[in-house]
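Okay, here's what each chain looks like letter by letter:
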Amino acid sequence: MMTSRNFGTRSIIKDFFQQYANDPASLGQEEMEIWWSIIEQNSGELVGLNTIIEKDVEGQKAFDLGYFLLPTFWGQGYATEASRRVVAYAFGELELRSLIAIIDPGNQASQSVALKLGMRLEREVLRSDGVTRRIYRLEQEDWKKASA
Ligand SMILES: CC(C)(COP(=O)(O)OP(=O)(O)OC[C@H]1O[C@@H](n2cnc3c(N)ncnc32)[C@H](O)[C@@H]1OP(=O)(O)O)[C@@H](O)C(=O)NCCC(=O)NCCS
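Throughout what follows, the structure given in this document is the object of discussion.

Calculation rules
Residues numbered from 1 in each chain as written. Predicted model: local features only at pLDDT ≥ 70, side-chain atom pairs only at ≥ 80, totals over all residues. Helix = DSSP H or I, 4+ residues; strand = E, 2+ residues; numbered from the N terminus. Buried ≥ 20, exposed ≤ 12 C-beta atoms within 10 Å, placed from the backbone. Contact = placed C-beta atoms within 7 Å. Core = buried A, V, L, I, M, F, W, Y, C linked by C-beta atoms within 7 Å. Near = placed C-beta within 6 Å. Nonpolar A, V, L, I, M, F, W, Y, C, P; charged D, E, K, R; others polar.

## Digging into the overall build of the protein
Along the protein, the regular secondary structure elements total 4 helices and 7 strands. Counting from the amino terminus, helix and strand elements in the protein follow one another as β-α-β-β-β-α-β-α-β-β-α. Counting the 148 residues in the protein, one finds 20% classified as buried. Considering only intrachain contacts with a sequence separation of at least 6, the fraction spanning at least 24 residues in the protein is 51%.

## Here we look at the nonpolar core
Ranked by internal contacts, the top residues of the largest apolar core, which has 26 residues, are V86, V87, A90, L99, A101, A114 and Y136. For this core, the secondary structure elements donating two or more residues are β2 (33-40), β3 (46-57), β4 (60-69), α2 (78-92), β5 (98-103), α3 (108-116) and β7 (132-139). It is α2 that provides the largest number of residues to this core, a total of 6 residues.

## A few points about the environment of W36
Mapped onto the elements of the fold, W36 is located in strand β2. In this structure W36 comes out as buried when scored by C-beta crowding, with 24 C-beta atoms within 10 Å. Separated by 13 residues in sequence, W36 and L49 have C-alpha atoms that sit 5.6 Å apart.

## Some points on the site of the ligand
Taken together, 20 residues lie near the ligand, and A79, T80, Q108, A109 and S112 sit nearest. Elements represented by at least two residues in the shell around the ligand include exactly β4, α2, β5 and α3. It is α3 that provides the largest number of residues to the shell around the ligand, a total of 6 residues. Split by residue class, the shell around the ligand holds 10 nonpolar, 9 polar and 1 charged.

Here is the structure:
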């Protein structure tokens, strides 16, 4: 079992307040970025990171779920376990409507995690640098139905 510890919220909120005081109109243009550390409960060791980063995908705003583990912790279900909590936070607390994962077509482990989270392959995109990526997506509505 693990905990996902959100270590960025306090400073993000402080920055937001400062920014609001300086220039209220600028807030609506800010892109969101949240990072979590994934900690193994028994050992207290850092296992990896989860992220939600607001991105522009082919002209559309999207919230990109990221999961990155240190190699010694691969293949134990940790990415799926931690990401499930981040998904619940994204839909439950942040009330995002939809999450995506942008994945290299050759990255089987990552696509397997996305599928286990209930994501569906939406489409492939060709980035401006010529790299192909698969977009997986999970709608809040579908997640709510599945977790009811
Ligand atoms: C992708 C990553 C987060 C997966 O973490 P993980 O904790 O090993 O994931 P899980 O154990 O929850 O599930 C991984 C699944 O992929 C499978 N898998 C693992 N390595 C694999 C490989 N090289 N090829 C094919 N399948 C693989 C596992 O057997 C498991 O399968 P299952 O769904 O049938 O159980 C981890 O490999 C990683 O950090 N990779 C580098 C960073 C990265 O690519 N992040 C994603 C960016 S989009």
